[in-house]
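The lines below spell out each chain.
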Amino acid sequence: MDFALSEEQILIFDMAKGFGEEHIAPHAQDWEAEGTIPKDLWPKCAELGFGGLYVSDEYGGSGLSRLDATLVFEALAMSCPAVGSFLSIHNMCGGMIDKFGSEETKQKWLPDLCSMGKVFSYCLTEPGSGSDAAALKTRATKTNDSYVLNGTKAFISGGSYSDAYVTMVRTGEDGPKGISTVVVEDGTAGLSFGALEKKMGWLAQPTAQVQFDDCNVPLDHLIGEEGRGFAYAMAGLDGGRLNIAASALGGAQKALDLTLAYMAERKAFGKPINQFQALQFKLAEFETRLQASRTFLRQAAWKLDNGAHDATKFCAMAKLMVTDAAFDVANGCLQLHGGYGYLADYGIEKIVRDLRVHQILEGTNEIMRLIVSRQMIADAA
């Protein structure tokens, strides 16, 4: 088995890392304080093909694999996990439209998505349906020429900021088979937003409720078929979970890199603290957990790319394993910085705050355990 990246994949990683170091890292603290990401960043991302990573090239996408995409998000997160993760959500929307949309739907949305002339957000979660996503209540009533939407989505990254919202709505019966997916453009009558949420991390990303009050959406904004929206959403989450894991990995790697540099400079009891065996053991533990996470993440991405029957299970396992390990490593790096780790100037506390939510979104890590165990039980039956 060959676990090495190809030359092309190394170039993809290095290009994303270099882009982040030039265009994101110098501004990350300011964007966090301002609570937003300047929109002029996105066309620069798109110039490198990051706007439609796994959208077909005929619509302006890069046509990369899911494994390739994890390299991009790991690299970008080394500059700021919040920015890289927001781009991941945009790309998840693109992947859903490319995979499940009709030719007319793809032509309508994907060129602007890939150029990032329009930024897309993903709307699934509701105030009363988080982990139980199939219980969503936002209703889309079909008329002769439109769907009329009523309901509320919660915790939406890009709420009030994005240009279009890929939204899961109920067009039929209760449960997953009654759910469809539509695109709602910013400025649509009846679309409004709650106040920006005050959060622990991901402060650069505007997050808000998205509200629909007799919101009229044209019928041709439907993605795929009516009643298939929940399946589309879950398929999109497989790739989304890999990207969120990759972003967590990149953030934790940056924390470890900063810690290695700090420990070489910081002295205690007459010598650099990287010379104390107890602390060296910590470094070895962190390195082992990150390398194991990286290998497992790439295996899961390979399975999704190749349509393996257990790809969903492996994506869930990767999200569970990597996000837990990444948060633990980042938190441990803060501890190795001592009091300085608690100060914003050293960059560690921001990474810890940003990575905490990776254990919650795209399905909590408790739900990941359910997905894995249910698949195990089904395979054994």
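Residues numbered from 1 in each chain as written. Predicted model: local features only at pLDDT ≥ 70, side-chain atom pairs only at ≥ 80, totals over all residues. Heavy atoms only, no water.

Regarding the overall build of the chain
The test is simple: Each helix is a run of DSSP H or I of at least 4 residues and each strand a run of E of at least 2, with the numbering of both proceeding from the N terminus. Here the radius of gyration uses the C-alpha set of atoms, whereas the globule reference equals 2.2 Å times the residue count to the power 0.38. Throughout, exposure labels follow a simple rule: accessible area from a 1.4 Å probe, protein chains only, divided by the maximum for the residue type, with under 20% read as buried, over 50% as exposed, and the rest as partly exposed.
Looking only at helices and strands, one finds eleven helices and ten strands in the chain. Taking 2.2 N^0.38 as the reference for a compact globule, 381 residues should give roughly 21 Å; the C-alpha atoms of the chain span a radius of gyration of 21 Å, in line with that estimate. Along the first, second and third principal axes, the C-alpha atoms of the chain reach 80 × 50 × 40 Å. By residue count, 53% of the 381 residues in the chain fall in the buried class.

A word on unusual backbone geometry
Located in the positive-phi region is M116, a residue other than glycine, with phi close to 60°. Inspection of the secondary structure assignment puts M116 in the loop between α6 (103–115) and β1 (120–123). You can call M116 buried: its relative accessible area is 4%. Unlike most non-glycine residues, F269 shows phi in positive territory, near 55°. Mapped onto the elements, F269 comes out in the loop between β9 (267–268) and β10 (271–272). For F269, a relative accessible area of 81% puts it in the exposed group.

Looking at the layout of surface pockets
This is how the line gets drawn: Only protein atoms enter the 1 Å grid used here. Points where a 1.4 Å probe fits but cannot escape make up a cavity, open sets with protein on both sides within 12 Å along at least five of seven lines make up a pocket, and a residue lines them when an atom lies within 4 Å of a point. Grid points are joined across faces, edges and corners, and a volume is the space filled by probe spheres set on the points. Amino acids are sorted into nonpolar (Ala, Val, Leu, Ile, Met, Phe, Trp, Tyr, Cys and Pro), charged (Asp, Glu, Lys and Arg) and polar (every other residue, Gly among them).
Counted as a void, the largest pocket has a volume near 1200 Å³. Along the walls of the largest pocket sit 40 residues, with T125, I360, L361, E362 and G363 positioned nearest its centre. Elements that contribute at least two residues to the lining of the largest pocket include exactly α5 (81–100), β3 (146–157), α7 (229–265), α10 (348–356) and α11 (365–380). In terms of residue count, the dominant contributor to the lining of the largest pocket is α7 (seven residues). Of the residues assigned to the lining of the largest pocket, the class counts are 22 nonpolar, nine polar and nine charged. Looking at the second largest pocket, its volume works out to about 380 Å³. Taken together, 14 residues line the second largest pocket, and the ones lying closest to its centre are D2, F3, L67, R298 and Q299. When the residues that make up the lining of the second largest pocket are grouped by side-chain class, the tally is six nonpolar, four polar and four charged.

What about the pattern of salt bridges?
Applicable threshold: Salt bridge, as used here: a side-chain nitrogen of Lys or Arg that lies within 4 Å of a carboxyl oxygen of Asp or Glu.
By the definition in use, this model includes 13 salt bridges. Between K17 and E21 there is a salt bridge; the shortest N-O distance is 2.7 Å. Here K17 and its partner E21 are both found in helix α1 (residues 7–23), four residues apart, which amounts to about one turn of the helix. Note on K17: relative accessible area 26%, which makes it partly exposed. A salt bridge links R353 to E32; the nearest nitrogen and oxygen atoms lie 3.0 Å apart. Highlighted residues: R353 in helix α10 and E32 in helix α2 (residues 28–34), separated in sequence by 321 residues.

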